[in-house]
Amino acid sequence: MKKLFILMIAAAMILSSGAAMAAMKIKLGVVTKPGSAQNIAAEKFKGLIEQRSDGEIKVQIFHSASLGNETEILQQVQLNTIQMAIVTGGPFDTFDPIARVVNYPFLFKDNAQADQILDGPLGAEILKSLESSKFKGLCFSENGFRNLTNNRHPVKSPDDIKGLKVRVMASAIHKAIWQTLGANPTPMPWPIYTELEQGVIDGQENPLWVMEVYKFYEIQKYMTLSRHVYSYHIDVASLKWWKSLDKKKQDIIQKAMYEAAVYQRKDNRSKNAARLELLKSKGMQVVENPDVNAFRVKVAGLKDMKLYQDPKVKALLNKMLEATK
Ligand code: EAX
């Protein structure tokens, strides 16, 4: 009887403390729709964190551009009106030019090298640098290697790019790459289906999952496996919000985001072979072995451009080029 009484009191205490302590809510923004790379990372993070915090932390995902484009999402993170975001590396470079180092063309040879560098001390330099623009950089998930699609003709070498109107992200380095390759780059935020459909632009570049999830095979005839940029997401939190959290919460969030990122990279990569088959079966004409060396030679001078003149950015680029030689 006495035991039962104690148990009842304990239960009542737990219940009342639960009610008094409202769950903390994290608003997390992504520009893309469910099924996209960003969303897969976001949903995995939500699942892990809600389970591990015993419901003490809840995550609300805002997707499909409901908070605006990626630049606007990042502005909201800076202001702490949303606490977290998973955003493509491209648009980050207007906030901190350090982000354009990873967007350097033909930097990483393969996925393993991307992981090794980004999960190591060089990746950590990028995350640290973001603090000066009010972001707490947590880790990196991925879009993947980007490939060119267009509606004019097959692209096998840089000569075929001349004059193509290619949509690019809000990123100085992406614009410079396509300018150097001879295209007519047009910066435009995501999403871009209508612009492609209406012919406002001839082409775009993105990883394979985008062509599948956003059904670009309906409106783009030619694809070239150019793999010109390894496109990362930077998984960030608002620095102001981050500093308000105790160490225990910071740890659980940091760990869950990293695990979600590793899960998502693997998931993304495991689907690429099937995606390529699907895109071909939908009628896309694919140039699987373009003259990558010719592309590489054309963009080789980019590292000496003004874009990389900031000493911190230049130093990191040089370290990355050295590490990926
Ligand atoms: O993930 O804007 C872009 O091209 C990005 O890759 C987009 O977020 C799709």
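What comes next is a walk through the structure.

Conventions adopted
- Residues numbered from 1 in each chain as written.
- Predicted model: local features only at pLDDT ≥ 70, side-chain atom pairs only at ≥ 80, totals over all residues.
- Helix = DSSP H or I, 4+ residues; strand = E, 2+ residues; numbered from the N terminus.
- Buried ≥ 20, exposed ≤ 12 C-beta atoms within 10 Å, placed from the backbone.
- Contact = placed C-beta atoms within 7 Å.
- Axes fitted to C-alpha atoms, helices over the stretch in contact; angles between N-to-C directions.
- Parallel < 35°, antiparallel > 145°, perpendicular 65-115°, else oblique.
- Left-handed = near helix turned anticlockwise from the far one by under 90°.
- Nonpolar A, V, L, I, M, F, W, Y, C, P; charged D, E, K, R; others polar.
- Pairing = 2+ DSSP bridges.
- Near = placed C-beta within 6 Å.
- Core = buried A, V, L, I, M, F, W, Y, C linked by C-beta atoms within 7 Å.

As for the overall build of the protein
- Along the backbone of the protein there are 14 helices and 11 strands.
- Looking at the 325 residues of the protein, the share that counts as buried comes to 42%.
- Summarising the internal contacts of the protein: among those between residues at least 6 apart in sequence, 76% fall at separations of at least 24.

A closer look at the packing of helix 2 (residues 37-52) against helix 11 (residues 247-270)
- Two elements in contact, helix 2 and helix 11, have axes separated by 8 Å at closest approach and are oriented at 140°. Regarding the angle of helix 2 to helix 11, the classification is oblique. Crossing of helix 2 against helix 11: the hand is right-handed. Contacts between helix 2 and helix 11 involve A37, I40, A41, K44, F45, L48, I49 and R52 from the former and I252, I253, A256, M257, E259, A260, A261, Y263, Q264, D267 and N268 from the latter.
- Residue composition of the contact of helix 2 with helix 11, grouped by class: 13 nonpolar, 2 polar and 4 charged.

Structural notes on helix 7 (residues 172-180)
- Looking only at helix 7, the buried set comprises I173, H174, A176, I177 and W178.
- Against the buried residues of helix 7 lie helix 4 (89-92), strand 6 (165-168), strand 7 (184-187) and helix 13 (292-299).
- Of the residues trailing helix 7, G182 is marked for its positive phi of about 100°.

Quick word on the pairing of strand 4 (residues 135-145)
- Across the 11 residues that make up strand 4, a large majority, 11, are buried.
- Here strand 4 pairs with strand 10 (residues 230-238) via 9 bridges, running antiparallel. Residue S141 lies in a different strand from strand 10, and its bridge partner there is H233.

Describing the site of the ligand
- Every residue near the ligand is listed here: V31, T32, T88, N143, M169, W190, N206, V210 and S231.
- Residue composition of the shell around the ligand, grouped by class: 4 nonpolar, 5 polar and no charged.

Thoughts on the nonpolar core
- Within the largest apolar cluster, 82 residues are counted, with the highest numbers of intra-cluster contacts made by F45, A85 and V236.
- The leading source of residues in this core is helix 2, at 7 residues.
- Beyond its immediate sequence surroundings of up to four residues, F45 is in contact with V59, A256, M257 and A260.

Some words on the sheet that holds strand 3 (residues 84-88)
- Spatially, 5 strands are ordered 2-1-3-10-4 in an open sheet, and the strand pairing comes out mixed. Single-partner strands in this sheet number two, and they are strand 2 (57-62) and strand 4. When the angles between neighbouring strand axes are averaged without regard to direction, this sheet yields 20°.
- Each of strand 1 (24-29), strand 3, strand 4 and strand 10 touches helix 3 (residues 70-79); the most contacted strand, strand 3, lies at about 150° to it.
- On top of the sheet, helix 11 reaches strand 4 and strand 10; it is set at about 5° to strand 4, its chief contact.

Digging into the environment of G203
- Considering the arrangement of structural elements, one finds G203 in strand 8 (residues 203-206).
- Take G203: there are 25 C-beta atoms within 10 Å of it, and that puts it in the buried class.
- The sequence separation of G203 and G55 amounts to 148 residues, and the corresponding C-alpha distance is 45 Å.
- Each residue touching G203, except ones within four places of it in the same chain, is listed here: L148, T149, N150, N151, L164, V166 and Q220.

Comments concerning the packing of helix 6 (residues 121-129) against helix 14 (residues 311-323)
- For the pair helix 6 and helix 14, the least separation of the axes is 10 Å and the interaxial angle reads 160°. When the axis of helix 6 is compared with that of helix 14, the two are roughly antiparallel. Here helix 6 runs over helix 14; the crossing is left-handed. Listed contacts from helix 14 to L122, E125 and S129 of helix 6 are K312, L316, K319, M320 and A323.
- Among the residues making up the contact of helix 6 with helix 14, the classes are represented as 4 nonpolar, 1 polar and 3 charged.

Thoughts on the environment of L48
- For L48, the position within the fold is in helix 2.
- The exposure class assigned to L48 is buried, which follows from the 20 C-beta atoms found within 10 Å.
- Measuring from C-alpha to C-alpha, the distance between L48 and K298 comes to 44 Å, with 250 residues separating the pair along the chain.
- With residues up to four places along the chain from it excluded, the contact list for L48 reads A256, E259 and A260.

Considerations on unusual backbone geometry
- For the bond running from W190 to P191, omega is 0°, close enough to zero to count as cis.
- By the element assignment, P191 lies in the loop between strand 7 and helix 8 (193-197).
- Despite not being glycine, K215 has its phi angle at roughly 55°, a positive value.
- Residue placement: K215 occurs in the loop between helix 9 (208-213) and strand 9 (222-224).

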